[in-house]
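Geometric and topological summary
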Amino acid sequence: MYAPTTIVGYLTIALWLILLVMKAFALGDAVMRPAQAFPAVDKQTKPLWLILTGLALLIHLIPQFGSPIGLLNIAGTVAAAVYLVGVRPAVREVGGGRGGRGGGSSGGW
């Protein structure tokens, strides 16, 4: 990265951090979901989503591709967004939540 000296520099760093968090969350969520839930909702396999989201995060962290508007970084952002918007909700329905949540009653306390 570089030292920001203008408002565009600060916005670029903010966008870089937001996308970093999004990609890390997508990868972490994919790791936590059960492998059987992916084909159960007609989505691609868990290993494929782990590879896609992992590569998205890795490319984001490599300094040569560090710009959030670089071609490879945009492709990784799209892959992570597709997982978060399309795959994650469907897999959550079938696989339940993390750490013992889900699958039980929908009651609160």
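Everything quoted here is computed from the prediction, not taken from an experiment.

**A few points about the overall build of the protein chain**
If you tally the helices and strands in the protein chain, you get four helices and zero strands. Looking at the 109 residues of the protein chain, the share that counts as buried comes to 29%. When the accessible area of the protein chain is evaluated, it comes to approximately 6900 Å², of which 70% is carbon and sulfur surface.

**Some points on the UniProt feature "transmembrane region" (unreviewed entry) in the protein chain**
Mapped onto this numbering, the UniProt entry annotates "transmembrane region" (unreviewed entry) at residues 6–26, 47–65 and 71–91. Note that residues 47–65 is 79% helix and 0% strand, and that its end C-alpha atoms are spaced 24 Å apart. Structurally, residues 71–91 comprises 100% helix and 0% strand, and the distance from its first C-alpha atom to its last is 29 Å.

Reading the values: the criteria
- Residues numbered from 1 in each chain as written.
- Predicted model: local features only at pLDDT ≥ 70, side-chain atom pairs only at ≥ 80, totals over all residues.
- Heavy atoms only, no water.
- Helix = DSSP H or I, 4+ residues; strand = E, 2+ residues; numbered from the N terminus.
- Buried < 20%, exposed > 50% of the residue type's maximum accessible area, 1.4 Å probe, protein only.
- Areas by Shrake-Rupley, 256 points an atom, 1.4 Å probe, with all protein chains shown as cover.
- UniProt positions renumbered as here; feature names shortened; annotations may be inferred.

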